[in-house]
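Overview (structure and organization)
In case you want the letters, here they are:
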Amino acid sequence: MTEFWLISAPGEKTCQQTWDKMMAATTRSNNLSANHKFNIPDLKVGTLDVLVGLSDELAKLDSFVESVVKKVAQYMADVLEDSRDKVQENLLANGVDLVTYITRFQWDMAKYPIKQSLKNISEIISKQVTQIDNDLKARASAYNNLKGNLQNLERKNAGSLLTRSLADIVKKDDFVLDSEYLITLLVVVPNIITVHKARENKFTVRDFQYNEEEMKADKEEMTRLSTDKKKQFGPLVRWLKVNFSEAFIAWIHIKALRVFVESVLRYGLPVNFQAMLLQPSKKTMKKLREVLNDLYKHLDSSAAAIIDSAMDIPGLNLSQQEYYPYVYYKIDCNLLDFKV
């Protein structure tokens, strides 16, 4: 499973106690999830009004950056023509696989200085990822046009004799050229029909004029497009690799910002919470939810009541805006549409 649950709970006497309690509830007797501490630095809190506004802005930014991460990943798959192994090799963050990056997350102080306000940090990320999105559109458009033109030419030179180019099949000697009275017609006759039956309107006449200059130009164009595609391929894959990493790293920093802001809004000041990363298996998800609900329901009785009632009604799914007594955000690393 490549799904993670990024949660936080208020610190008890110490944040270590919060961690130990969660570990005891989820791993020591039942192995419901693989857990990791998620390190968030001491960010600038700002005012309550700013935090409330920022909470909504970060939710929108989260969705936008996730969409860009997925677009870059999917385009990488398109360029590498859905070779799963090659795609996964190139979808890295800071040179490591995505699971390793998330489970060992460290805030990037150089890219996102914590002396800046939370709003400034979110704006830095927004500008950075918007630029990646715009660059991707431009690069994808140029490469797709090139690829499309090449495919059209290749299509002309492939397929059955009914549709493919005849330039590489016929010779100059096959034609009566420069005659006022005669024109050479090329006829396609299926193998299973004799020439006798072909006379009974079972043949196809191809519209074709022998023109050496046109034939030569087509071949040269195909060679040029093929060469251009090869030239662009390497730099494009490198750009996608670098910018996938940048976008993914930005996305996880947004998750960290959201946990920080939501934890302060829910648990109050001074800042005192433990962020934790849980990786459940598909089989343990339902049980893990129940255990976490029991562990943290005292934090918000109204949310606990909603979850309890939902668990009692088979087939009832909570809305996309899932709300729990603890701070919760999902990180899904399954970024590609194609299946193995």
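Residues numbered from 1 in each chain as written. Predicted model: local features only at pLDDT ≥ 70, side-chain atom pairs only at ≥ 80, totals over all residues. Heavy atoms only, no water.

Quick look at the sheet that holds strand 2 (residues 33–37)
In spatial order, the strands read 2-5-1-6; together these four strands make up an open sheet with antiparallel pairing. Edge positions in the sheet fall to strand 2 and strand 6 (327–332), since each has one partner strand and no second. Looking at each pair of strands side by side, their axes are set apart by 25° on average, direction ignored. Alignment of strand 2 against strand 5 (residues 273–280), held across five bridges, turns out to be antiparallel. (Pairing = 2+ DSSP bridges. Helix = DSSP H or I, 4+ residues; strand = E, 2+ residues; numbered from the N terminus. Axes fitted to C-alpha atoms, helices over the stretch in contact; angles between N-to-C directions.)

Some words on helix 1 (residues 15–26)
Along an α-helix, a turn takes 3.6 residues, which lines up residues three or four apart on a common side. Between its terminal C-alpha atoms helix 1 stretches 17 Å, which fits the 16 Å expected from 12 residues at 1.5 Å a residue. Turning to helix 1, its buried residues number three or more, namely Thr18, Trp19, Met22, Met23 and Thr26. Considered in projection along helix 1, the buried side chains sweep an arc of 130° and stay on one side of the axis. Close packing links the buried residues of helix 1 with strand 1 (3–10), strand 2, strand 5 and helix 8 (285–296). (Expected span 1.5 Å × (residues − 1). Buried < 20%, exposed > 50% of the residue type's maximum accessible area, 1.4 Å probe, protein only. Arc of directions from axis to C-beta. Contact = heavy atoms within 4.5 Å.)

A look at the packing of aromatic side chains
In the structure shown here, the tally under the stated rule is 11 aromatic pairs. Aromatic side chains Trp5 and Tyr328 sit 5.9 Å apart centroid to centroid with 90° between the ring planes, which places their arrangement in the edge-to-face category. Of the two residues, Trp5 sits in strand 1 while Tyr328 sits in strand 6, which places them 323 residues apart along the sequence. Judged by its relative accessible area of 2%, Trp5 falls in the buried class. What makes Tyr328 buried here is its relative accessible area of 10%. Between Tyr101 and Phe248, the aromatic rings sit 6.2 Å apart at their centres with planes inclined by 70°, giving edge-to-face as the arrangement. Separated by 147 residues along the polypeptide, Tyr101 in helix 4 (residues 98–103) and Phe248 in helix 7 (residues 212–267) bring together distant segments of the chain. Phe248 carries the same exposure label as Tyr101, and that label is buried. A network of ring pairs unites the aromatic residues Phe38, Tyr101, Phe105, Phe244, Phe248 and Trp251 as a single cluster. If you follow Arg289 out to its NZ or CZ, it ends over the ring of Trp5, 3.8 Å from the centre. It is Arg289 that lies over the ring of Tyr324; its NZ or CZ is 4.0 Å from the centre. (Phe/Tyr/Trp six-rings, centres within 6.5 Å; stacked < 30°, edge-to-face > 60°. Lys NZ or Arg CZ within 6 Å of the ring centre and 35° of its normal.)

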